[in-house]
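Examination of the molecular architecture
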Amino acid sequence: MAMSHLSHLFDTDTPKHKRFDLAGAKPHYNPDRPGQVEHIFLDLVLDLAAQTCEGTCHIRINPVRDGIEQLVLDAVQIEIQEVKVGRTKQAFDYDGEQLTLTLKQPTTVGASFVLSIRYKIDRPQRGLYFVGPDEHYPHKPIQAWTQGEDEDSRFWFPCFDYPGQLATSEVRVRVPKPYKAISNGELVEQTSDGEDTIYHWTQKQIHPTYLMTLAVGDFAELTDEWKHPDGTVVPVQYYVEKGHEEDAQRSMGKTPQMIEFFSQKYGYAYPYPKYAQICVDDFIFGGMENTSTTLLTDRCLLDERATLDNRSTETLVAHELAHQWFGDLVVIKHWSHAWLKEGMASYSEVMWTDREYGADEAAYYRLQEARRYFSEDSDRYRRPVVTHVYREAIELYDRHLYEKGSCVYHMIRAELGEDLFWRSIHTFVRDNAHRTVETVDLLRAIEKATGRNLTFLFDQYIYRGGFPEYKVAYSWDNEAKLAKLTIAQTHMNGDEPERDRFDLKIPITFSLVKRKRVSVLQTFTVRVREKTQTFYMPLSEKPSFLSFDTGNNILKKVTLEYPLPELKTQLQQDPDPVSRIYAAEAIAQKSTLEAVKALSQSLTEDSFWGVRSEVARLLSTIKLDRAFSALVVGLKDPEARVRRAVVEAIASYKTSQSYKVLKPIAEKGDPSYSVEAAALQGMGAIAASVSQDKPKDEKVIKLLKTVLKERGGWNEAVRCGAIAGLSQLKTSTAALDILLDYTEIGTPQPLRLATIRALGSIAQGQAPAQLDQILERLSTLSDEAFFLTQVSVVIALGQLETSKAIGILRRLANRTPDGRVRRMAEEAVQKVQAAVGADQSLKTLQSEFEELKKSNQDLQSRLAELEAKAKPMKE
């Protein structure tokens, strides 16, 4: 029995951690396989105006056994018109979700046959998306694009829609001129036929259905290239809406260097005939790694100003490209093992950051990944990374899969060392190219390449939930020349079972600083496996500072209880930026003037922007005048990301002084979008909180209204800052009226979505009449079909402390076709219930039950009337 089949037994539901598996969750397995799908050929006609797609899906199947008389394919909301094998029509039954075929000739092992299904889809809700202008958004481009992951390909063509089936594919599609159609693989033919163009694409390497794609639009095409080791020139293409060519080059221009880098790192040259990236409108993900043809949201396109402090697009490009190996070349056999691909793609962001910007940047990037995972673990749920117990596979696509998966890959690298890690990765990729894998296959590749058995690590980090939380206390015995370390696993507070104990070997380095030069006294590796352990370590002299978990390779939380002198020295001298951040956190806890002095010095002198930005945040937790003065100096930092952190820190003081400091930035702007937006948000927060010398709300509102009218820019970043500022004025009806205006359809989408979310914030201080107004607006917005609108509505409702929000959330959860929205809405219901209290929640349930009973009575009455009318009249 595979470990994944038992993984749900390790899931816990403690007062600290909610369960992942909600009501309705069940074990999921791949279906029985009737045969090997060898090839899929889609021959389609797209009507962009009518938003329809019709054609024929040809599937060549090689049966795995004799005598199969029925085949069951996935096909949702598709009009099935005809099914044939060869020229012979086949009987079929279709229930709207599955297509059941009764074969006239039962199967014979080894005798392949082609199944041809003629079908049509009309205004599909999933799988295939049509985009176009309307009266509210007249400049929206006309496009069509697909999204298959997790199991949405079944919405645009009949198929065996699970990742365990790999086949070659082909797409021939007719589209009206002047639109381009891009699909997987290589373009083998392009022909003109009257008002239409026919594009014929062929993917010669096998892949799963969820990676088949089609994108149609009047795109501008930019072409770059990468040279394969065999001398072949591989086209690298960027497709964007016309007018955004410079943004495309700015945002995706490093792709050829990335292909070269990953080809070397993974030990396998990029395996496809092209690599295309297509930026589409209204995309429901950041990106999707379709084989050889990645789709990206057009929101990732950067203008020149945005590149000042935004690397999210660069790492997104790296992430999706990495999937061409991990996910497309090496394919997961089941969704429960998706961390293998998503974890490595996320870790490839770290790798690229290291290559392009250095080790400090990479270390800080990993810390931020870990923090995002920690947040989900504490705020949403705890789960094993590998679990087959869920309601929908899309629920697995979370911080456990991406960020924790990335951190686990890094831990494997640290455990094996550079040479053995990359030898293992090369073995894993080469042995499993064009095949499906499970987690055990990575363990096997590691053992094959290195002889090492890392099951102990996977048992602790993959097959169960959680991570260690350490508290490290240090003291020095000068007479005995002994360093004393007491290490406690603080996540074990007495309630957790023994299985939650972590057993890890942790390096601890003691360093000496003399004449501003750092030298290592000694490194000890200790095995930490008990709830509390004390270690005594002999040293030749007193160390200047110590580093717990040298290199910070272990996924953990840590609290340092060291004397202030050692912490100050570590903050100044530790070569690892993450260790310096941990030292800064410990110093901030002391909240003394000496602590402020140490942090202030770091804010101006530390060589790495990540440490400086963290120090700014920590200074804001110490409400002393000297801390505020230090932050004001930080506004001059040349690094925009530090200035943003400083602005946010200053705003947290909520005083007249902080208002005066931020006002010039809010009025005059900053070279960085994010700094300017943070200042605008801060102005609203300060204005709402200042009690003495309080600036009038009207002045702040006037400023923010001016920003909304006059300042534009990339993804509405600055105007979203103004919206966030208005949302802080929680008792202002004038601010609320502005927000309600900007939720109207026709508002630029990024700004509208931000405003919808802001309703949840401003609602917290509004009077009952205004709260009802907000609820009415959110209820109306919840009827919209667009995924991102629904997500924004859920986020807003989840912030409310009224039982009236629960009904809207439940209706949205029941109506939405998207599993992510459904889960978010259900979690928001739990959050609101906790906020309003058990008694009120019970009253809400009773009220909803009474409404349901009344609706049921009305339906029964209407049914009785209809039945009575249907009966013949007596003579």
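Read on for a plain summary of the structure. Just so it is clear, the structure is predicted and the values come from calculations on it, not from any experiment.

What follows deals with the pattern of salt bridges. Going through the model one piece at a time under the given rule, you end up with 65 salt bridges. Here R371 makes a salt bridge to E585, at a shortest N to O gap of 3.3 Å. With R371 in helix 5 (residues 359-379) and E585 in helix 11 (residues 577-590), this pair connects stretches of sequence that are 214 residues apart. The class of R371 is partly exposed, set by a relative accessible area of 26%. Among the salt bridges present, the one from R612 reaches D637, with a minimum N-O distance of 2.7 Å. On the criterion of sequence distance, the pair formed by R612 in helix 13 (residues 609-619) and D637 in the loop between helix 14 (625-634) and helix 15 (640-651) is long-range, its members being 25 residues apart. For the residue pair R612 and D637, the accessibility class agrees, reading buried in each case. Salt bridges linked by common partners bring E376, R380, R391, E395, R823, E826 and E827 together as one network.

Turning next to the sheet that holds strand 16 (residues 214-217). Taken together, the four strands give an open sheet; going across it, the order is 10-11-16-13, and neighbouring strands pair in antiparallel fashion. Edge positions in the sheet fall to strand 10 (128-131) and strand 13 (180-183), since each has one partner strand and no second. Geometrically, the sheet is characterised by an average inter-axis angle of 15 degrees between neighbouring strands, direction not taken into account. Here strand 13 pairs with strand 16 via four bridges, running antiparallel. Paired with K180 across the bridge in strand 16 is G217.

All right, on to the environment of S406 then. Relative to the elements of secondary structure, S406 occurs in helix 6 (residues 400-416). Of the residues examined, S406 reaches a relative accessible area of 1% and is grouped as buried. C-alpha of S406 to C-alpha of Q125: the two residues are 281 residues apart in sequence and 33 Å apart in space.

What follows deals with the environment of L48. Within the fold, L48 resides in the loop between strand 2 (35-47) and strand 3 (52-63). Separated by 621 residues in sequence, L48 and G669 have C-alpha atoms that sit 42 Å apart. L48 has contacts with F130, I142, A144, P176, Y179 and V216, leaving out every residue within four places of it along the chain.

Moving on, we get to the state of the cysteines. A covalent bond between the sulfur atoms of two cysteines is referred to as a disulfide. For the structure shown, the criterion picks out zero disulfides. Left unpaired, C279 is separated from the closest cysteine sulfur, that of C300, by 4.2 Å. A relative accessible area of 3% means that C279 is categorised as buried.

Attention now goes to the packing of helix 20 (residues 733-742) against helix 22 (residues 768-781). Packing of helix 20 against helix 22 leaves a shortest axis separation of 12 Å and a crossing angle of 10 degrees. As summarised for this structure, helix 20 and helix 22 are arranged roughly parallel, according to the angle between their axes. Taken together, the residues of helix 22 that come into contact with helix 20 (itself represented by T733, L736 and L740) are Q770, Q773, I774 and R777. Residue composition of the contact of helix 20 with helix 22, grouped by class: three nonpolar, three polar and one charged.

Thresholds, definitions, all that
- Residues numbered from 1 in each chain as written.
- Predicted model: local features only at pLDDT ≥ 70, side-chain atom pairs only at ≥ 80, totals over all residues.
- Heavy atoms only, no water.
- Salt bridge = Lys/Arg side-chain N within 4 Å of Asp/Glu carboxyl O.
- Helix = DSSP H or I, 4+ residues; strand = E, 2+ residues; numbered from the N terminus.
- Buried < 20%, exposed > 50% of the residue type's maximum accessible area, 1.4 Å probe, protein only.
- Pairing = 2+ DSSP bridges.
- Axes fitted to C-alpha atoms, helices over the stretch in contact; angles between N-to-C directions.
- Contact = heavy atoms within 4.5 Å.
- Disulfide = S-S within 2.5 Å.
- Parallel < 35°, antiparallel > 145°, perpendicular 65-115°, else oblique.
- Nonpolar A, V, L, I, M, F, W, Y, C, P; charged D, E, K, R; others polar.

Nothing here speaks to function; it is all geometry.
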